[in-house]
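# Structure at a glance
Read off the chains here:
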Amino acid sequence: MITPHYTNTYSDTRGLSSEPLTFTQAIVKGIAPGGGLLVPLVIPKLSLDQIAALAELPYAQQAATIYQSFGVDLAAEKIEELMAQAYSENFDTAEIIPLSTVAPDTHVLELWHGPTSAFKDMALQCLPLFFSAAIDKLREQDEAEEDFLILVATSGDTGKAALDGFKNREHTNIIVFYPHGGVSDVQLRQMTTQRGDNVGVFGVEGNFDSCQTAVKGAFNDESFNELLASEHGLRLSSANSINWGRLMPQIVYYISAYAKLVTSGDLLLGQPLDVCVPTGNFGNILAAWYAKDMGVPIGRLLCASNKNRVLTDFINTGTYDIRDREFVLTPSPSMDILISSNLERQLFELNGRDSDAIRGWMDDLRNQGCFRVDAQTFAALRSVFCSDSVDNDESLQTIREVYEQHEYLLDPHTAVAWKVAERLREENPVLVVSTAHWAKFGADVYRALNGIAAGAPLPAEVADLSGFELNDLIARDYKAGCIPTPLAELQSLPVRFSEVCSGSTEGVEAAVKSWLEQ
Ligand SMILES: *Cc1c(COP(=O)(O)O)cnc(C)c1O
């Protein structure tokens, strides 16, 4: 064990929480009153030797060791038991996070070997276990009696990863809402065939934005919340990416990857490694920042954006501005965002944990669609981060180039990171973070490999194929590895959910009620 056992406490980025919370309280709360994000008081430090020694443990034990260093208020044996469950046969390799050295000094960290083939599994195989354990603990202390109902609005990846993580977990139910007609074939099938007794899935008329707004409306509707409590004994919760219980599991793989590269002789212990992350809500790259803060010799953090380049502009100018920004659809939909919710936590860490300043910036963003950080915070940001963006056609060309040069097939999100790493890298070795298996985005991978522009129709000979048939064709014609079993077997699973509700809060609430009544 790295540090003697202690209990860490959590306060919030806007300084509005009344009293500090423990880990289990923080993950059940998710967000602080007043909208701030919860942050642990102590960020533990690791020595280089402690980091290197982790490589000798299985991934689950590495995670347990790191969580204990974070002062999680659960017994050490309990944490170990939960991690052994979170990172085991549900991943398709015992390594959990294989590294692939695709080009000299360019290591790809594959975070998609979990059950839904996207990096969200790294956190969402873990958080629901903590969540159930936290509720058990609250019950022992008579602080909770209800069960929880998790509502998720998804543009694709998060919904499936959350369904899989929460299925059949104690004290929780989960209902996922996706934009009807707005997710890929494979993503749709992943959700509608979901197994488990405590899960529900609904399409919502309209785009992702209206889906998200409708679900948010349900969270904020007091009489709906009262009805759930009084008639069903349920409390709403969201499990979204600002929950500390989703961030902490992501720190582990950066520490683990560094240790592994030292063991394999690719890095000397202490040698700096730059990390390039395809970024949307800033959770993944923020986890890399925490790993660096804990003592992992990470050099620079390269923040890769697609055409929705609000983060790139922010990192290059110090001004976050969404006023005249159009939301653009790209081949990397999980990075299509305007408001990057975890950035607030990063700014809190960079400005000396000044919650007054954070509150001011977040007010400016809400009221004027724009905020500017002070010179000192900007300097702190620039000393670690740099950023660039990649447009749609470029991201597809990158998939083709990397395949032609290295026989390695990237998904469109990872391709954005690859390109940015290529542009911004200096002398340090680079870790390119790979966030999805290519087969989740087969149509764009097909376009890439065949030199077809992003957004252009597929040629007649493949236009009528399902996403699954297209994947089979890619796997047959290219050296693309196998399609992960959970994706390949989707075609033969029965569809359990096919209902579509109207794109309003009333629509979402009616859907929830009908689900509860069956
Ligand atoms: C969610 C997601 C991202 C973005 O990660 P953030 O933590 O939101 O920055 C990138 N790629 C894929 C495939 C994702 O699912």
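Remember, predicted model here, so these are calculated numbers, not experimental data. Every residue gets a number counted from 1 within its own chain, in the order that chain's sequence is written. It should be noted that, the model being predicted, local features are given only for residues of pLDDT at least 70 and side-chain atom pairs only at 80 or more, the latter also being counted only at that level, while totals for whole chains, interfaces and linings use all residues. Values shown for side chains rest on all heavy atoms present in the structure; no hydrogens or waters enter the calculation.

## Examining the packing of helix H12 (residues 283-294) against helix H14 (residues 343-350)
Simply put, an axis is a line fit to the C-alpha atoms, just over the touching stretch for a helix, and the angle between two N-to-C directions goes from 0 to 180 degrees. Put simply, DSSP marks the helices as runs of H or I at least four residues long and the strands as runs of E at least two long, and each gets a number from the N terminus on. It is the contact of H12 with H14, at a shortest axis distance of 9 Å, that shows an interaxial angle of 25°. Regarding the angle of H12 to H14, the classification is roughly parallel. You can see that H12 and H14 cross each other, and the crossing is left-handed. Of the residues in H14, those in contact with Leu-286, Trp-289 and Tyr-290 of H12 are Arg-345, Gln-346, Glu-349 and Leu-350. Each residue belonging to the contact of H12 with H14 can be placed in one class, and the counts come to 4 nonpolar, 1 polar and 2 charged. Roughly parallel means an angle under 35 degrees; roughly antiparallel, over 145; roughly perpendicular, 65 to 115; everything else is oblique. Handedness of a helix crossing follows the sense of rotation of the near helix relative to the far helix, less than a right angle counterclockwise being left-handed and clockwise being right-handed. The criterion used for residue contact is that any of the two residues' heavy atoms lie within 4.5 Å. Gly counts as polar in this scheme, as do all residues outside two lists: the nonpolar Ala, Val, Leu, Ile, Met, Phe, Trp, Tyr, Cys and Pro, and the charged Asp, Glu, Lys and Arg.

## Remarks on unusual backbone geometry
Look at Asp-105: it is not a glycine, yet its phi comes out positive at around 55°. Overall, Asp-105 belongs to the partly exposed group, its relative accessible area being 38%. In this structure, Ser-117 is a non-glycine residue whose phi angle is positive, near 65°. When you line up the elements, Ser-117 lands in the loop between strand E4 (106-110) and helix H5 (120-124). Remark: exposure states derive from per-residue accessible area (1.4 Å probe, protein chains only) relative to the maximum for the residue type, with buried under 20%, exposed over 50%, and partly exposed in between. Among the residues examined, Ser-117 registers a relative accessible area of 0% and is labelled buried.

## Some points on the nonpolar core
Each nonpolar core is a collection of buried residues, namely Ala, Val, Leu, Ile, Met, Phe, Trp, Tyr and Cys, held together in the definition by side-chain atoms within 4.5 Å. Tyr-67, Met-83 and Tyr-87 are the most contacted members of the largest nonpolar core, which totals 115 residues. Take this core: its biggest share by element is 13 residues, from helix H11 (residues 244-263). In contact with Met-83, other than residues within four places in its own chain, are Ala-60, Ala-63, Ala-64, Tyr-67, Cys-126 and Phe-130. Ranked by size, the runner-up nonpolar core spans 45 residues in total, among them Ile-399, Ala-415, Val-445 and Ile-483.

## Looking at the domain arrangement of the protein chain
Taken domain by domain, the protein chain comprises domain 1 (99-117 + 245-434) and domain 2 (440-492). Segmentation into domains, and thus their bounds, comes from an automatic or database assignment. The gap between the C-alpha centroids of domain 1 and domain 2 is 27 Å. With 17 residues of domain 1 at the contact, the number on the domain 2 side is 19 residues. Accessible-area loss on putting two parts together, using a 1.4 Å probe and summing over both, is the definition of buried area adopted here. For the pair domain 1 and domain 2, the summed buried area comes to about 1,400 Å², and 68% of that belongs to carbon and sulfur atoms. Each salt bridge in this description consists of a side-chain nitrogen of Lys or Arg and a carboxyl oxygen of Asp or Glu lying within 4 Å of one another. Counting the contacts that link domain 1 with domain 2 gives 1 salt bridge. A salt bridge links Lys-479 to Glu-407; the nearest nitrogen and oxygen atoms lie 3.2 Å apart. Counting of polar contacts relies on pairs of N or O atoms within 3.5 Å, with two restrictions inside protein: one atom must be capable of donating a hydrogen and the other of accepting it, and residues adjacent in sequence are counted only when both atoms are side-chain atoms. Counting across the interface, domain 1 meets domain 2 through 4 residue pairs in polar contact (both at pLDDT 80 or more). Of all the elements, helix H17 (residues 392-406) adds the most residues to the side of domain 1 that touches domain 2, at 6 residues.

## Some remarks on the site of the ligand
In the vicinity of the ligand there are 15 residues, among which Lys-120, Asp-157, Gly-280, Asn-281 and Thr-435 approach most closely. A distance of 3.1 Å separates an oxygen atom of the ligand from a polar atom in the backbone of Phe-282. Side-chain polar atom of Ser-334 to an oxygen atom of the ligand: 3.4 Å apart, as the coordinates give it. Under the convention used here, a 1.4 Å probe and the Shrake-Rupley method define accessible areas, while residue burial counts only the protein chains that appear. Protein contacts shield 96% of the accessible area of the ligand, which totals 380 Å² for the unbound molecule. Residues are classed as near a molecule or strand on a simple rule: at least one heavy atom within 4 Å of it.

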